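Structural description and commentary
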Amino acid sequence: MASDLAARVTQGLGPALLACMAAALPWAALAQPTKPASGIYTCIDSQGRRLTADRPIAECSHREQQLLNRDGSLRAVLPPTMTAEERALQEARDRAAAEARAAQADAVRRDRNLVARFPDEAAHNRAREASADTVRLAMKASEIRLRELERERKPLKDEAEFYQGRTMPAKLKAALEANETSMEAQRSAGANQEAELVRINKIYDNELERLRRLWSGLQPGSLGPIAAPAAVARPAAKPVSR
């Protein structure tokens with residue numbers, strides 16, 4: 001009969017209320033306070049007194065506490081509770097340590113890859129030349145195009161001399177300006193390519209210095225992170241003669 005009564009009461013609550021009660025059960029369990037580990041807590045307070053309790057001692061929250069077993073043996077040492085400032089400093093130290101570990105792991109990985117890619121100096125030199133050749137080809141193309149533009153400019157300048165002191169035809173003026181713009185672009189490209197060639201050689205110089213030490217037996221990662229090459233100043237483009 002009691003079970004029938006419970007069933008009727010449950011039915012009377014309605015499905016919506018039952019769902020709310022069911023959803024509340026896990027939160028009720030989470031709301032229960034965490035019970036401290038059983039044992040004997042002991043510490044020395046700020047006045048030099050030894051305090052003992054069966055739970056963490058509030059008077060020693062900023063001091064080290066020992067957690068003892070029932071037989072008096074040490075089970076654990078509880079560090080002092082940190083202030084907000086101390087917590088922030090500790091988190092900063094932890095982040096710095098994690099970053100240092102990640103950088104060290106990256107240095108080890110990169111050193112191993114470097115040695116695997118370049119087992120000897122000859123292999124490294126071949127890679128250097130292959131990288132430099134790409135830039136040299138671009139530099140050669142810029143030089144050829146610049147000479148072509150200079151040849152195209154000569155008859156334009158010769159024709160412009162006939163109009164000294166007079167208004168130059170719009171078509172001739174536009175042709176000279178277009179030629180000047182193209183020459184400036186090629187000079188700028190050549191300057192960038194020269195800077196790129198210097199940068200590539202600097203990278204390979206740094207790698208070779210590192211590789212020689214690794215080939216001699218130093219452990220990967222022992223040289224620290226691979227430094228990025230310093231920025232190379234780009235040579236100034238020569239002005240176009242008018």
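Rules and cut-offs
- Residues numbered from 1 in each chain as written.
- Predicted model: local features only at pLDDT ≥ 70, side-chain atom pairs only at ≥ 80, totals over all residues.
- Heavy atoms only, no water.
- Pairing = 2+ DSSP bridges.
- Helix = DSSP H or I, 4+ residues; strand = E, 2+ residues; numbered from the N terminus.
- Core = buried A, V, L, I, M, F, W, Y, C linked by side-chain atoms within 4.5 Å.
- Buried < 20%, exposed > 50% of the residue type's maximum accessible area, 1.4 Å probe, protein only.
- Axes fitted to C-alpha atoms, helices over the stretch in contact; angles between N-to-C directions.

1. Observations regarding the pairing of strand S3 (residues 65-68)
Here strand S1 (residues 40-44) runs beside S3; their pairing, made up of three bridges, is antiparallel. Residue tyrosine 41 lies in a different strand from S3, and its bridge partner there is leucine 67. Bridge analysis of S3 against strand S4 (residues 74-78) gives four bridges, and the strand direction is antiparallel. Opposite glutamine 65, over in S4, you have leucine 78 as the bridge partner.

2. So, the nonpolar core
One finds Leu114, Phe118, Ala123, Ala127, Ala132, Val135, Met139, Leu197, Ile200, Tyr204 and Leu211 forming the largest nonpolar core, which totals eleven residues. Mapped by element, the contributors of at least two residues to this core are helix H4 (121-161) and helix H5 (170-215). Broken down by element, the residue count for this core peaks at five residues, all from H4.

3. As for the sheet that holds S1
Taken in spatial order, the four strands line up as S2-S1-S3-S4 in an open sheet, and their pairing is antiparallel. If you trace the sheet from one side to the other, it starts and ends with strand S2 (50-53) and S4, each paired once. Adjacent strand axes in the sheet meet at a mean angle of 25°, parallel and antiparallel pairs treated alike. As defined by bridge partners, S1 adjoins S2 across four bridges and the pair is classed as antiparallel. Looking at S2, one finds that threonine 42 is bridged to threonine 52.

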